[in-house]
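Given next are the chains, with one letter for each unit.
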Amino acid sequence: MVREAKREDLRALLELYLYLHEDSIPEFDAHLESTWDQIMEDGNHHLIVNEIDGKIISSCVCVIIPNLTRNVRPYAFVENVVTHEDYRGNGYAGECLDYAKKIAGKENCYKMMLLTGSKKPETLHFYEKAGYNSSDKTAFIQWLGK
């Protein structure tokens, strides 16, 4: 079942992120709680989860960004696409991306964007199959210090 995350999903999400690029779960401190509250309260921040038998097995984030161009239409940015390794290859992340696309459509977004650090052909094919292309824009990233 695909849905938006609820407050009680925090620990399960942090555990799922270990299959993304994290190597540990952050400490449950005031900073983490404050960040989680900010995400939960932001109407433009959609944390999407796919759950089977009560277990969150896939997720993505879709952020709607207000915009002054393109006839004042917002755009959507998708990030943190992840599926638990035991559930990969079954379309669960695709279902999360479809849910994000519905949100972006409802919000009248003119485009959706995502970045991936993966160079694996199967990952790139997955995003192409989901409707994304890598030919329209060039992405540049500047990493900032801690």
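A brief look at the structure comes next. (Residues numbered from 1 in each chain as written. Predicted model: local features only at pLDDT ≥ 70, side-chain atom pairs only at ≥ 80, totals over all residues. Heavy atoms only, no water.)

Before going further, it helps to examine the packing of aromatic side chains. Counted under the stated rule, the structure contains three aromatic pairs. Their ring planes at 65° and their centres at 6.3 Å tell us that Tyr-87 and Tyr-92 sit as a pair that is edge-to-face. Take Tyr-87: its relative accessible area is 23%, and that puts it in the partly exposed class. Above the face of the Tyr-75 ring, Lys-111 is positioned so that its terminal group lies 5.5 Å from the ring centre. (Phe/Tyr/Trp six-rings, centres within 6.5 Å; stacked < 30°, edge-to-face > 60°. Buried < 20%, exposed > 50% of the residue type's maximum accessible area, 1.4 Å probe, protein only. Lys NZ or Arg CZ within 6 Å of the ring centre and 35° of its normal.)

Here the focus is a nonpolar patch on the surface. Together, Leu-18, Ile-25 and Phe-28 line one region of the surface with nonpolar side chains, adding up to about 220 Å² of accessible area. Within the secondary structure, Leu-18 sits in the loop between α1 (10-16) and α2 (30-41). (Patch = residues over 30% accessible without salt bridge, like charges linked within 9 Å, V, L, I, M, F, W, Y side chains within 5 Å. Areas by Shrake-Rupley, 256 points an atom, 1.4 Å probe, with all protein chains shown as cover. Salt bridge = Lys/Arg side-chain N within 4 Å of Asp/Glu carboxyl O. Helix = DSSP H or I, 4+ residues; strand = E, 2+ residues; numbered from the N terminus.)

The next subject is the sheet that holds strand β5 (residues 112-114). Pairing within the open sheet is mixed, and its five strands lie in the order β1-β2-β3-β4-β5. Two strands in the sheet have a free side with no partner beyond their single neighbour: β1 (2-4) and β5. Put simply, the sheet's adjacent strands are angled 30° from each other on average, direction ignored. Pairing of β1 with strand β2 (residues 45-52) involves three bridges; the strand directions are antiparallel. Bridge pairing in β2 links Val-2 to Asn-50. (Pairing = 2+ DSSP bridges. Axes fitted to C-alpha atoms, helices over the stretch in contact; angles between N-to-C directions.)

Relative to the helices and strands, Ala-76 resides in strand β4 (residues 75-83). Judged by relative accessible area, Ala-76 falls into the buried class, the value being 0%. Along the primary structure Ala-76 and Lys-111 are separated by 35 residues, whereas in three dimensions their C-alpha atoms are 6.3 Å apart. Once residues lying within four places of it in the same chain are set aside, the contact partners of Ala-76 are Cys-62, Val-63, Ile-64, Ala-104, Cys-109, Lys-111, Met-112 and Met-113. (Contact = heavy atoms within 4.5 Å.)

The values reported here are purely geometric and, on their own, carry no functional implication.
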